[in-house]
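Remarks on the overall topology
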Amino acid sequence: KDLDKIKTGDILVTKMTNPDMVVSMQKSAAIVTDEGGLTAHAAIVSREMGIPAVVGTHDATTKLKEGEIITVDGTSGKIYKGKASENIQKDILPVTAITKTEIKVMVDLPSFASRAAKTKIRKVGLTRLEDIIGESGKHPNYFLEKDKISDYENIIFKGVKGIAEFFDEVWVRTSDIRSDEFRSLEGSPKEIEANPMLGMHGIRYGIKNPEILWAELKALKRVSDTGKKIGVMMPQVISVDELKEVKQILKDIKFDGAKVGVMIETPAAVQIIKDLCDEGIEFISFGTNDLTQYMLAVDRGNIAVQNLYNEMHPAVLYQLSYVIRVCKRNKVETSICGQAGSKKEMVKFLVAQGIDSISVNADAANEISLYVAEIEKEMVRGTDREPRKYRPEEKARKDNQEENIKELPPLYESESEDDGNVRQNPNHIEKEVFPEIRGVKKFSKEEEKRIEKDIKAIEREKEEFLENGGDDEDGGSGIQDEDDEERGKGIPGLEETRPRDAESGKDEVLDIF
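What you are looking at is a predicted structure, and each value in this text was computed from that prediction instead of being measured. (Residues numbered from 1 in each chain as written. Predicted model: local features only at pLDDT ≥ 70, side-chain atom pairs only at ≥ 80, totals over all residues. Heavy atoms only, no water.)

A few points about helix α14 (residues 314–329)
Helix length check: α14 (16 residues) gives 23 Å between terminal C-alpha atoms against 22 Å at 1.5 Å per residue, within 8%. Regarding α14, the residues found buried are Val-316, Leu-317, Gln-319, Leu-320, Ser-321, Tyr-322, Val-323, Ile-324, Arg-325, Val-326 and Cys-327. Lys-331 lies just past α14 and shows a positive phi near 55 degrees. (Helix = DSSP H or I, 4+ residues; strand = E, 2+ residues; numbered from the N terminus. Expected span 1.5 Å × (residues − 1). Buried < 20%, exposed > 50% of the residue type's maximum accessible area, 1.4 Å probe, protein only.)

Below is the structure:
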C-alpha cells in the first residue's frame with residue numbers, strides 16, 4: 001500500500017519483494033528485506049538491476065524508520081547509519097574468454113537488457129515473463145475476466161521484443177505465477193493458497209488456462225518472426241502429457257521455428273527425462289532454485305531453514321549428473337539458469353559433467369567465463385587435446401633429425417665387385433638398416449599397472465552394458481542402480497561415495513578415456 005510513496009533514489013525497505021513490486025524496485029537505489037535468501041526475488045532482480053540489496057535481515061522494517069538516511073552495502077550484507085559512501089555499481093565487463101562451455105546471460109527486464117548486452121554475449125539463457133507481467137500492473141486473470149487476451153499478448157510481445165533487440169537468441173520461460181507473489185496486481189485471485197510453492201503455477205496453470213498460454217506462445221512467435229531465435233521453456237514440468245500439449249499449441253499456431261525445451265526443476269522431471277527426450281525436446285535447463293528446495297524439502301523463501309538450503313548437496317548433484325548423461329545420449333542440449341550457475345563450485349562440477357552452457361547474471365559473466373576457461377584448460381592438460389606450444393629447442397631437434405635421415409645408408413646392404421659394378425649377391429641374406437626410432441618412452445611398472453587397470457575397467461563396463469541390453473538409463477527412471485553408482489565415482493562434491501583401494505588406502509579414481 002506504500003509503494004506509491006517510493007521516489008527515484010529511495011531505498012526500499014520491505015518484508016519481502018514480489019514481481020508485482022518491480023516498478024517500485026526500478027526506482028530504488030537499494031533494497032532491504034526482512035525475509036528471503038540468496039534465491040529470493042529481491043536478490044535475483046537486484047542483481048539484474050545492478051543495485052545493492054540485503055535480504056533476510058529479520059527486522060529491518062521495525063528498526064529502520066521512514067525518511068532515515070542509511071547506506072546499504074550489498075557486498076558485505078551490512079547496513080550503516082547515515083551516508084557512509086557514494087553510490088557504487090558493479091561494472092559489466094565484456095566476455096573475452098573462449099570456452100567450449102557456452103556462457104549466456106539471464107535477462108528479465110527490457111529496461112535492463114542494454115546493461116546485460118555490455119557483456120557482448122549474444123544469447124539469453126533465461127527470460128522470465130513474471131517481471132514483464134508485473135510491470136503491467138495487471139494479473140493474467142484480469143485479461144481473462146475482461147476478455148482482453150489480445151492486450152496480454154501485446155504486453156508479452158513488447159516486453160520480450162525489448163530484450164531480444166540486443167541479442168540473437170532468447171530462451172523464454174512461460175509464465176510461472178505463484179499466488180503469493182502477485183496479490184497487489186489488478187485482477188489477482190482473492191484466495192491465498194496454503195502452500196503456493198506447490199500450488200497452481202507453472203505449466204499446469206497455463207494448461208488449465210489455455211487462453212493465457214496461447215497468448216504467450218503467440219507473442220513469442222511474433223518475436224521470432226522479427227528474425228530472432230526463440231526457445232520456449234516450460235516450468236514445473238511433471239509429465240510428458242504437459243510437453244505434448246504445448247507442442248500441439250505450437251503446431252496449431254504454426255510456430256515451427258521454436259526451439260522446445262523444459263525446465264528441470266522438479267524431481268518428477270528428473271525421473272522422466274528419458275521419456276521427455278523421446279517425446280522430442282531440443283534442450284533442458286536446470287532450475288536449481290526450485291530443484292534444490294524440492295529435493296531437500298527446504299523452503300527457499302524461509303530464512304529459518306536457509307542454513308539447510310544447499311545446491312551442492314549430493315542428492316542434488318546426482319540428479320544434475322544423471323540428467324546431463326541422459327541428454328547427451330539423446331543429443332539434447334543442457335544448460336543451467338538457476339542462481340547456482342553463478343557460483344564457482346557449481347560451475348566446476350557442471351563443466352566436469354560436460355554441460356553445454358551456463359546462464360549467469362550479467363555482472364558475473366566475465367568472471368565466470370574466465371573461470372570456465374581455466375577449468376577447461378586444466379581438464380585437457382597432459383592429454384592429446386592439450387594445445388601444443390611452440391618451443392624453439394624442439395624445432396632445432398626436429399631439423400637435426402631430418403638432416404640425419406637424409407644421410408642414412410640404403411635400405412639394403414649389397415656387395416660390390418672389383419670392377420665397381422654393383423649387383424646383389426643371391427646367396428647373401430639382406431640386412432635391413434633402419435634409422436634409430438627416437439622419442440618412444442618405455443612405460444614404468446606403475447604406468448603399465450594403471451593402463452592394465454583402465455583396460456579391465458573398460459571391459460567390465462562393456463560387459464555390464466551388453467548385459468543390460470545397451471540401455472543403462474533404466475528406461476528414463478533416474479533410479480540410481482549399481483551402474484549409476486559406478487558412474488558417480490569421482491564426481492566433485494560426492495567424495496564420500498568414492499570407493500577406496502584396499503592396498504593403498506587411496507581414493508580409487510578410474511581414468512577412462
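Now that the structure has been shown, the text picks up again.
Description of helix α16 (residues 365–380)
Counted at 1.5 Å a residue, the expected span for α16 with its 16 residues is 22 Å, and the 23 Å between its end C-alpha atoms agrees. Among the structural elements, β6 (102–106), α15 (344–353) and β13 (357–360) are those in contact with the buried residues of α16. Gly-382 occupies a position one or two residues after α16 and carries a positive phi of about 85 degrees. (Contact = heavy atoms within 4.5 Å.)

Side note on the packing of helix α9 (residues 210–224) against helix α10 (residues 240–252)
Pairs of packed helices are described in terms of their axes, by the angle between the two and the distance that separates them. One can describe the packing of α9 onto α10 by two numbers: an axis separation of 10 Å at closest approach and a directional angle of 55 degrees. Accordingly, the angle class assigned to the pair α9 and α10 is oblique. Note that α9 runs across α10; the crossing there is right-handed. In this structure, α9 contributes Leu-213, Trp-214 and Leu-217 to the contact, and α10 contributes Val-246, Ile-249, Leu-250 and Asp-252. Along the lines of polarity and charge, the residues of the contact of α9 with α10 split into 6 nonpolar, no polar and 1 charged. (Axes fitted to C-alpha atoms, helices over the stretch in contact; angles between N-to-C directions. Parallel < 35°, antiparallel > 145°, perpendicular 65-115°, else oblique. Left-handed = near helix turned anticlockwise from the far one by under 90°. Nonpolar A, V, L, I, M, F, W, Y, C, P; charged D, E, K, R; others polar.)

Overview of the side chain of Gln-339
If you trace the backbone, Gln-339 turns up in the loop between β12 (333–336) and α15. Polar contacts involving the side chain of Gln-339 include one to the side chain of Asn-361, which spans 3.4 Å. Once you skip the residues sitting within four places of it in the chain, Gln-339 turns out to touch Leu-38, Thr-39, Ile-44, Arg-47, Met-106, Arg-128, Thr-288, Asn-289 and Asn-361. (Polar contact = N/O pair within 3.5 Å; in protein donor to acceptor, adjacent residues only side chain to side chain.)

Considering the packing of aromatic side chains
By the definition in use, this model includes 3 aromatic pairs. For the ring pair Phe-143 and Tyr-152, a centre distance of 5.4 Å and an interplane angle of 45 degrees mean the geometry is tilted. Between Trp-171 and Phe-283 the ring centres are 3.9 Å apart and the planes differ by 15 degrees, which places this aromatic pair in the stacked class. Of this pair, Trp-171 sits in strand β8 (residues 169–173) while Phe-283 sits in strand β11 (residues 283–286), and the two are 112 residues apart along the sequence. Grouping residues by exposure puts Trp-171 and Phe-283 together as buried. Ring pairing ties together the aromatic residues Tyr-142, Phe-143 and Tyr-152, which thus form one cluster. One residue, Lys-138, lies across the ring of Tyr-142, its end atom 5.5 Å from the ring centre. (Phe/Tyr/Trp six-rings, centres within 6.5 Å; stacked < 30°, edge-to-face > 60°. Lys NZ or Arg CZ within 6 Å of the ring centre and 35° of its normal.)

Let's talk about the pairing of strand β7 (residues 123–128)
With respect to burial, β7 is a largely interior element, 5 of its 6 residues being buried. Both β7 and β8 contribute to a ladder of 4 bridges, which runs parallel. Following the sheet pairing, Arg-128 is matched in β8 by Arg-173. (Pairing = 2+ DSSP bridges.)

Describing unusual backbone geometry
In this structure, Asp-147 takes a positive phi of about 55 degrees despite not being glycine. Structurally, the position occupied by Asp-147 is in the loop between α6 (140–145) and α7 (149–164). A residue is classified by how much of its surface remains accessible, and Asp-147, at 69% relative accessible area, is exposed.

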